[in-house]
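Observations on the three-dimensional arrangement
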Amino acid sequence: MTTFEGKELEEWRDYRNSTNQKRDPKLEKATSLQYYFFSIGPGALGISTYIPLNEDQINIFKRFRNVFELAYRRFTDIEQADAQAREAQIEASLERVRSRTLAMQKSDELAETAAVVFKQLINLGIEPNRLYIGIINDDSGDIEAWATDEDGSKVSKEFTLNINANASVKKMYDGWVFKEKSVIIDMQGKELEAYLHYLHDVLQVPFKGGLSQNRRVQNIAYFSKGFIGIASPDPQPEETAILLERFAAVFNLTFTRFNDLQIAEKHAVQAELDLIKLQTEKNRAEEALTELRSTQAQLIQSEKMASLGELTAGIAHEIQNPLNFVNNFSEVNVELIDELNQEIGKGNFDEAALIAKDIKDNEEKIKHHGKRAEAIVKGMLQHSRSSSGVKEPVNINALADEYLRLAYHGLRAKDKSFNAKMETDFDKSIGEINIVPQEIGRVILNLITNAFYVVDEKMKSGIINYEPKVSVSTKKNGYNIEVRVKDNGNGIPQKVLDKIFQPFFTTKPTGQGTGLGLSLSYDIVKAHGGELKVETKEGEGSEFIIILAFN
């Protein structure tokens, strides 16, 4: 209880009069005033009286206080339930915006998201006549904008606002620059006229009835890269600004989705352009490859014919040997036949039998050397004609030996001063392997010819006590066979070792080498599923190794 008396009561009367409260005649005459307050949680229930209450009256008031406290609790429960229901309604609206955001498949669907936000604000009791979304380009000051129409339907067209074109747009931009949560722009008079002119006449934003407004209040809430705003003819309650800020917070997710889609669309356009360019380059590459293959085939044939020309003298020399044998034994047989006839005429049949045996032996020798000449000619023809590309069983030892002698005699025919020691070491356990004989023969011939060339060059350099030597060997190594061509020339300099299998690279003087021999040899061995390697030491020589699968 509180009692006002004397001066305190007088001051209380003056306070009531100064606040324009209704005058109470009893209060003007009273000498005292009592106030009784009884707590009801966060507040109190009170009465004032000019006569102090007795105990019974106080107890009655307390009972009223208890009943009123129940009423107050009911009031707060209902108020809390209303707030929870309102919050649930707001969250449901925000979730619909989130769902529409996640469903965006193209960046231009931001206009549809704006229409969804407009509809949700209507459902929450807010009545704008337009809603818009702005994405700010902080480099140029341009604002990409999407808007709803005045009935809430989307305007599919995108608009680009510029902060220097209109003062109201600049205000929207400045709020974002200064990191405001929200701003209110109340447009009237000339400002509104200029804004509507900019939207309608410059940007061609459609209006149905908005141009006749005398007042346009813009409520704008910001997110990280832009803002959402609503326009209405009258000011909105404070709750609207708070709601708009919550929708703006959701738009951080919307912008992320929007930005990702824009990047993806740019990448898709670029990928399509890249694909067109790639297809064009592919077509050019295929044309170039076709031309290259044709050129390569011509070069291979040219290289082959060049090596054939070098071999011609060697082949003639090789053929001459068996032909000499054939001629000599043929002449001997003619003489022996005459002797045979004489002995038969004398009746010396035993002597005639011995002569007949000699004739037969000579015939076997003629046959052997005839086959030898036939094999040389066959090898020459195989080397000169185009390869069938079909593998067949070949005696690799015989093939290597054949080309060693052909290469040697070919060089001897060109240069009578040339001489070199030849060594062979063939693994007889190899037998026949499946290869294309013309192609592998060409590789072996090329390696041997190169070996003879390098030892001859070293010999001509005037090194004392130097003996040119080229060796050819074969060896079975597990599931592979190795053909080795070794020379004791000057070796290959380390600085060019990585280039020797490149097309057109040669260490020979101009006019003496095409630079295709090793390159083509490398390709042929690779095509056989094999490997061509080199081991070298400067000043001591080189060894080329052909590795082929046994079968």
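Attention here is on the structure that accompanies the text. Keep in mind it's a predicted model, so treat the numbers as computed, not measured. (Residues numbered from 1 in each chain as written. Predicted model: local features only at pLDDT ≥ 70, side-chain atom pairs only at ≥ 80, totals over all residues. Heavy atoms only, no water.)

As a further point, take the side chain of R216. On the secondary structure map, R216 appears in strand β8 (residues 215-223). The contact partners of R216, leaving out residues within four places of it in the chain, are N129, R130, I185, D186, M187, L192, Y195, L196, F207, A231 and S232. (Helix = DSSP H or I, 4+ residues; strand = E, 2+ residues; numbered from the N terminus. Contact = heavy atoms within 4.5 Å.)

Let us now look at unusual backbone geometry. Comment: phi is negative for the bulk of residues other than glycine, and the bulk of peptide bonds are trans. Positive phi is not limited to glycine here, since Q204 has a value of about 60°. For Q204, the location among the structural elements is in the loop between α6 (189-202) and β8. According to the relative accessible area criterion, Q204 is exposed, its value standing at 54%. One non-glycine residue with positive phi stands out, namely N465, at about 60°. Along the polypeptide, N465 turns up in the loop between α10 (437-460) and β13 (469-477). Classification of N465 as exposed rests on a relative accessible area of 80%. (Buried < 20%, exposed > 50% of the residue type's maximum accessible area, 1.4 Å probe, protein only.)

Attention shifts here to the sheet that holds strand β2 (residues 32-40). With respect to topology, three strands assemble into an open sheet ordered β1-β2-β3, the strand pairing being antiparallel. A single partner strand is all that each edge strand has here, and the edge strands are β1 (2-5) and β3 (43-49). When the angles between neighbouring strand axes are averaged without regard to direction, this sheet yields 20°. Of the pairings in the sheet, the one linking β1 to β2 comprises four bridges and is antiparallel in character. When the sheet's bridge partners are listed, T3 is paired in β2 with Q34. The strands touched by helix α1 (residues 6-18) within the sheet are β1 and β2, with β1 carrying the most contacts at an inclination of about 90°. (Pairing = 2+ DSSP bridges. Axes fitted to C-alpha atoms, helices over the stretch in contact; angles between N-to-C directions.)

A few words now on the packing of helix α5 (residues 167-177) against α6. For the pair α5 and α6, interaxial distance at closest approach is 8 Å and the crossing angle is 90°. As far as their axial angle goes, α6 and α5 are roughly perpendicular. On α6, the residues that touch S168, V169, K171 and M172 of α5 are E191, Y195 and Y198. Considered class by class, the residues forming the contact of α5 with α6 number four nonpolar, one polar and two charged. (Parallel < 35°, antiparallel > 145°, perpendicular 65-115°, else oblique. Nonpolar A, V, L, I, M, F, W, Y, C, P; charged D, E, K, R; others polar.)

What follows concerns a nonpolar patch on the surface. Taken together, V269, L273 and I276 make up a surface patch of nonpolar side chains, about 280 Å² in accessible area. Along the chain, V269 falls in helix α7 (residues 238-346). (Patch = residues over 30% accessible without salt bridge, like charges linked within 9 Å, V, L, I, M, F, W, Y side chains within 5 Å. Areas by Shrake-Rupley, 256 points an atom, 1.4 Å probe, with all protein chains shown as cover. Salt bridge = Lys/Arg side-chain N within 4 Å of Asp/Glu carboxyl O.)

Attention shifts here to a negative patch on the surface. A contiguous patch of negative charge, built from E331, E335, D338, E339, D350 and E351, is present on the exposed surface. At four residues, α7 tops the list of elements feeding residues into the negative patch. (Lys, Arg positive; Asp, Glu negative; His and termini not counted. Charge placed at Lys NZ, Arg CZ, Asp CG, Glu CD.)

Now for α5. Among the residues of α5, those classed as buried are S168, V169, M172, Y173, G175 and W176. For α5, the buried positions fall inside an angular range of 155° around the axis, keeping them on one side. The N-terminus of α5 is capped by N166, whose side-chain oxygen sits 2.9 Å from the backbone nitrogen of S168. Trailing α5 by a residue or two, K179 shows a phi angle of about 55°, which is positive. (Arc of directions from axis to C-beta. Polar contact = N/O pair within 3.5 Å; in protein donor to acceptor, adjacent residues only side chain to side chain.)

Our next topic: the packing of aromatic side chains. Under the criterion given, the structure shown has 13 aromatic pairs. Ring centres of Y132 and F227 lie 6.3 Å apart, and the angle between their planes is 80°; this geometry places the pair in the edge-to-face category. In this pair, Y132 sits in strand β4 (residues 130-136) while F227 sits in strand β9 (residues 226-232), placing the two residues 95 residues apart along the sequence. For the residue pair Y132 and F227, the accessibility class agrees, reading buried in each case. Considering the side-chain rings of Y222 and F227, the 6.0 Å spacing of their centres and the 75° angle between planes classify their relative orientation as edge-to-face. The buried category is assigned to Y222, whose relative accessible area is 10%. F227 gets classed as buried once you look at its relative accessible area, which sits at 1%. The rings of F4, W12, Y15, Y35 and F37 are connected pair by pair, giving a single aromatic cluster. (Phe/Tyr/Trp six-rings, centres within 6.5 Å; stacked < 30°, edge-to-face > 60°.)

The end-to-end C-alpha distance of α1 is 19 Å, a good match for the 18 Å that 13 residues give at a rise of 1.5 Å each. Among all positions in α1, only L9, R13 and R16 are buried. The arc that holds the buried residues of α1, viewed along the axis, is 65°, so those residues lie on one side. In α1, the exposed positions angled more than 90 degrees off the buried face are occupied by K7 and S18. Those residues of α1 that are buried lie in contact with β1, α2 (25-29) and β2. (Expected span 1.5 Å × (residues − 1).)

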